[in-house]
Amino acid sequence: MPFREINSKMVEATVLPGQKMYSQRGAMLACRGEVSFTPNIQGGQGGVMSMIGRRVAGEATPLMTVEGNGTVMFGHGGHHIQVINLSGDTLYVEADRLLAFDGTLRQGTMFMGSQGGVMGMVRGQVTGQGLFTTTLQGHGAVAVMAHGGVIELPITPGREVHVDPQAYVAHHGDVRNKLSTALGWRDMVGRGSGEAFQLELSGSGAVYVQASEEKL
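Residues numbered from 1 in each chain as written. Predicted model: local features only at pLDDT ≥ 70, side-chain atom pairs only at ≥ 80, totals over all residues. Heavy atoms only, no water.

**Focus: the overall build of the protein chain**
Link 1 in the chain: For the protein chain, the count of helices and strands is two helices and 13 strands.
Link 2 in the chain: Per-residue burial for the protein chain yields a buried fraction of 52% across its 216 residues.
Link 3 in the chain: Sequence-distant contacts in the protein chain: of pairs separated by 6 or more residues, those separated by 24 or more amount to 80%. (Helix = DSSP H or I, 4+ residues; strand = E, 2+ residues; numbered from the N terminus. Buried < 20%, exposed > 50% of the residue type's maximum accessible area, 1.4 Å probe, protein only. Contact = heavy atoms within 4.5 Å.)

Written out as structure tokens, the structure reads:
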């Protein structure tokens, strides 16, 4: 079910009988029709392990199952909302940035260190971002939250993109990530982002970057 962007901070979704969608708790601003919201204890399409993964990662963002027949307007905390449409690929996004997404998308959890090695782990410990990243795969729409607006940067073979880890929102495609350091270890003491660390993304896809480094 696609999202209709009302403005930069609100989206509307149509809920149809027999279909589900998931939203962050407290994201519903208004609704019309017969729509129900129930706490989701299975972690979405990813099942119990997905939910456990988020809890271990400190990303136990509660999800609500949305069902019925009507329309729902979503927003949260006045944050900017970016709608991302998936066509069979996988979106990587931190759980606390998820506003709402199609129930047809399969949810999972990826350990960032599996792609970035030791430096992927350092990213989580030093910058305050989660070691685990939520994955959403399939065909459907996702609404994510960010600070100050979002820009989509293409990632093409041979032209990697460097992003401040705290400005990173999400990415999709056949993309590898690793954390690189622009300073020596002594210079990095007390620094968690900016010039000290850069998240390097390479391959083919796109990365979404927020205008502010503020964490949700």
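There is more to say, and it comes next.
**Examining the nonpolar core**
Link 1 in the chain: Formed by 17 residues in total, the largest nonpolar core has its most connected members in Phe3, Val11, Met21, Val66, Phe74 and Leu99.
Link 2 in the chain: Among the secondary structure elements, those contributing two or more residues to this core are β2 (10–15), β5 (63–74), β6 (80–93), β7 (98–102) and β9 (132–146).
Link 3 in the chain: Excluding anything up to four places from it in sequence, Val66 contacts Val15, Gln19, Lys20, Met21, Ser23, Val35, Ser36, Phe37, Val72 and Phe74.
Link 4 in the chain: In this structure, Ile84, Leu86, Leu91 and Leu98 belong to the second largest nonpolar core, which totals 16 residues. (Core = buried A, V, L, I, M, F, W, Y, C linked by side-chain atoms within 4.5 Å.)

**Looking at the confidence of the model for the protein chain**
Link 1 in the chain: Here the protein chain shows a mean pLDDT of 79. Residues at 70 or above account for 70%.
Link 2 in the chain: Contacts from residues 44–59, a stretch scored under 50 in pLDDT, to residues over four places away or in other chains number 37 contacts.
Link 3 in the chain: Confidence over residues 116–130 falls short of pLDDT 50; this stretch has 39 contacts with residues more than four positions distant or in other chains. (pLDDT = per-residue confidence, 0-100.)

**Thoughts on the environment of Arg97**
Link 1 in the chain: Locating Arg97 in the fold gives a position in the loop between β6 and β7.
Link 2 in the chain: Of the residues examined, Arg97 reaches a relative accessible area of 2% and is grouped as buried.
Link 3 in the chain: Through-space distance from the C-alpha of Arg97 to that of Met145 is 5.0 Å; in sequence the pair is 48 residues apart.
Link 4 in the chain: Reaching out from Arg97, the side chain makes a polar contact with the side chain of Gln210 at a distance of 3.2 Å. (Polar contact = N/O pair within 3.5 Å; in protein donor to acceptor, adjacent residues only side chain to side chain.)

**What to know about the packing of aromatic side chains**
Link 1 in the chain: Enumeration according to the criterion identifies one aromatic pair in this entry.
Link 2 in the chain: Note on Tyr22 and Phe101: the rings are 5.6 Å apart at their centroids and 35° apart in plane angle, and the pair reads as tilted. Taken together, the residues Tyr22 in strand β3 (residues 21–24) and Phe101 in strand β7 connect sequence positions 79 residues apart. Each member of the pair, Tyr22 as well as Phe101, carries the same accessibility label: buried. (Phe/Tyr/Trp six-rings, centres within 6.5 Å; stacked < 30°, edge-to-face > 60°.)

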